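Single-letter residue listing:
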Amino acid sequence: MTRKIASLAAASAMVLASIASTAAWADTIPTPTAQGPSGDTLAAMQTQCDALAAAYDTGNGDLWKGEVVPGAVTLISGPTEVEGTRVVDESTIQHAGTYVPATLEIRGDPFRIGGSVNLFGDQWSTAGYWTDSTYNFTADFTSTFRFNFSCNITKEVYHPEVTITVPADGVYVVAGDFGDSEAAIRGNCAAFTAQGYPIESRPSWWGEPFHGGNPADPHCRFEGTPAHEETTPAYYDPPVVVATTPGTPIDEIQTDSLYAFEDHGGPVQVTGEYHVGQVVVCISPSTGTTKKGVPGAWRQQNGYTGDKCTTDWFKVAPWGAGTEGSNGTYISVPDYTL
């Protein structure tokens, strides 16, 4: 992949423009946070729990369920940059590596530094490039997260529908006004009532509206609740956890837009002026045929084309740094006299 870095204004007022380079993957990427599990992942977890619960079912009507219990989430790979999504934050571009000038020139008159027997000049470049760069950028990154979970297996005991017969409950009373016979009839009614207990031995007619079930002879009438059936609907006991079983973890790929740092962004070209530094522009070396320290002849260096590589200029040249008394002697300066 190749990237382009549009431009930046550096502290030296130079402007850097991109040149094509091979990608050097970012060195510092923030760790994404898992956003899942997604709906699909949750559904897959539930499918596993349902299968584990189904293995307990014996078909007796009890209800078995598997409940997903989320576990640890771990980052197992990534973040990995998605090719073609990088957007450089141009305000953060900084040059790095080594500056390689394409053009060099000396500006201004030569100057002295300390006790050196050479003359120096300011070297400038109007074109060149840095071998490397750093910058921040935004890009899409993919990461794989592993979602661990377990299944709580619950059991709800089934109770089927139950219908029972509830025995009659009441007494036999005199059904009318029978004059002198009423006392005897009342006694009969009380006897009829007594035959209902114990329930296990009561006669089949006990609890019917009239003794013997004959409305034409209503001497004793039954008052109370007749025998009837009562039905209890089927129901389940509240769920009880009977086992907790680990599920098989599920991996999920997530894409995030992250703000990252590139520590090897590749070369950047200089399209403005750049002060390379102070270099020797006039030198008076000893020749190979003279002794060390014996004056040679002034010679221009590092692209200086001016006419001030002379001893006369050496004596009056301004100081770029230091003073005349810094150190050194001038015995190798051609024709030097105080």
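All of these numbers come straight from a predicted model, not from anything done at the bench.

**A few points about the packing of aromatic side chains**
Evaluation of the coordinates by the stated rule reveals 16 aromatic pairs. Taking 4.3 Å as the distance between ring centres and 50 degrees as the angle between the ring planes, the aromatic pair formed by Tyr-99 and Tyr-274 counts as tilted. One end of the pair, Tyr-99, is in strand β3 (residues 87-113); the other, Tyr-274, is in strand β14 (residues 274-283), with 175 residues separating them in the sequence. The exposure class of Tyr-274 is buried, given its relative accessible area of 15%. A ring pair is formed by Phe-314 and Tyr-336, whose centres lie 6.0 Å apart and whose planes are at 80 degrees; its orientation type is edge-to-face. Of the two residues, Phe-314 is situated in helix α3 (residues 311-316) and Tyr-336 in the segment after β16 (319-321); the sequence distance between them amounts to 22 residues. For the pair Phe-314 and Tyr-336, a shared accessibility class is recorded, and that class is buried. One aromatic cluster is present, formed by Tyr-172, Phe-192, Tyr-197, Trp-205, Trp-206 and Phe-222 through successive ring pairs.

**Focus: helix α2 (residues 182-194)**
Across its 13 residues, α2 extends 18 Å between first and last C-alpha, which sits within 8% of the 18 Å expected from 1.5 Å per residue. Taken together, the buried positions of α2 are Glu-182, Ile-185, Cys-189, Phe-192 and Thr-193. In a view along the axis of α2, the buried residues occupy a sector of 100 degrees, so they form one face of it. Of the surrounding secondary structure, the elements contacted by the buried residues of α2 are β7 (169-174) and β8 (220-225).

Cut-off values and rules
Residues numbered from 1 in each chain as written. Predicted model: local features only at pLDDT ≥ 70, side-chain atom pairs only at ≥ 80, totals over all residues. Heavy atoms only, no water. Phe/Tyr/Trp six-rings, centres within 6.5 Å; stacked < 30°, edge-to-face > 60°. Helix = DSSP H or I, 4+ residues; strand = E, 2+ residues; numbered from the N terminus. Buried < 20%, exposed > 50% of the residue type's maximum accessible area, 1.4 Å probe, protein only. Expected span 1.5 Å × (residues − 1). Arc of directions from axis to C-beta. Contact = heavy atoms within 4.5 Å.

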